[in-house]
Amino acid sequence: MSVLFPKVNKPREWDYRPIYYDQEKEARKDKKLARLRRGAFREEHEKNMTELRKKKQSKLVFWLVLLGLLLFAFYFLM
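Fair warning: this is a prediction, and the values are worked out from it, not measured in the lab.

A. Spotlight on the overall build of the chain. The helix and strand inventory of the chain stands at two helices and zero strands. Here the C-alpha atoms of the chain give a radius of gyration of 33 Å, more than 25% beyond the 12 Å that 2.2 N^0.38 yields for 78 residues. Judged by the C-alpha coordinates and their principal axes, the chain covers about 110 × 30 × 30 Å. Counting across all 78 residues of the chain, residues that qualify as buried make up 1%. Summing over all exposed atoms, the chain offers an accessible surface of approximately 9200 Å²; the carbon and sulfur share of this is 62%. Of the side chains in the chain, 19 bear a positive and 10 a negative charge, and the two mean positions are spaced by 6 Å.

Shown next, in the form of structure tokens:
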């Protein structure tokens, strides 16, 4: 703390960064907020479970059709 050179605070610098509108970022933000509403996790879980059931059922149908075709081929070709 000098008597000859007292401490003087520097003036605050102007730091301006313009904010540009990003439509994709806004859409992501809205989607995130929509997921956080009450009951959204349960709805997502139910939706995922129904998709999983449909996927399992389609696999089962595929394998049954394949088995039927193989039995048909063995019966008539052998």
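Structure shown, so let's carry the discussion forward.
B. Examining helix 1 (residues 23–35) more closely. Between its first and last C-alpha, helix 1 extends 19 Å over 13 residues, near the 18 Å set by a 1.5 Å rise per residue. When you tally the buried positions in helix 1, you get zero out of 13 residues, a small fraction of the element.

C. Layout of the packing of aromatic side chains. In the structure shown here, the tally under the stated rule is four aromatic pairs. Consider the rings of Trp14 and Tyr16, whose centres lie 5.5 Å apart with planes at 5°: the pair is stacked. The same class applies to Trp14 and to Tyr16, which are both exposed. Where Tyr75 meets Phe76, the ring centres are 5.0 Å apart and the plane angle is 85°; that geometry is what we call edge-to-face. Overall, Tyr75 belongs to the exposed group, its relative accessible area being 64%.

D. Seen up close, the environment of Val61. Residue position: Val61 is located in helix 2 (residues 40–77). With relative accessibility at 46%, the residue Val61 sits in the partly exposed group. For the pair Val61 and Tyr75, spaced 14 residues apart in the sequence, the C-alpha separation amounts to 21 Å.

E. Summary view of the pattern of salt bridges. Going through the model one piece at a time under the given rule, you end up with one salt bridge. One salt bridge in this structure joins Asp15 and Arg17, with 3.8 Å as the shortest N-O distance. There is no split in this pair, since Asp15 and Arg17 are both exposed.

F. Inspection of the environment of Phe76 at higher detail. The topology assignment puts Phe76 in helix 2. Measuring from C-alpha to C-alpha, the distance between Phe76 and Leu33 comes to 60 Å, with 43 residues separating the pair along the chain.

Definitions and cut-offs
Residues numbered from 1 in each chain as written. Predicted model: local features only at pLDDT ≥ 70, side-chain atom pairs only at ≥ 80, totals over all residues. Heavy atoms only, no water. Helix = DSSP H or I, 4+ residues; strand = E, 2+ residues; numbered from the N terminus. Rg over C-alpha atoms; globule rule 2.2 N^0.38 Å. Buried < 20%, exposed > 50% of the residue type's maximum accessible area, 1.4 Å probe, protein only. Areas by Shrake-Rupley, 256 points an atom, 1.4 Å probe, with all protein chains shown as cover. Lys, Arg positive; Asp, Glu negative; His and termini not counted. Charge placed at Lys NZ, Arg CZ, Asp CG, Glu CD. Expected span 1.5 Å × (residues − 1). Phe/Tyr/Trp six-rings, centres within 6.5 Å; stacked < 30°, edge-to-face > 60°. Salt bridge = Lys/Arg side-chain N within 4 Å of Asp/Glu carboxyl O.

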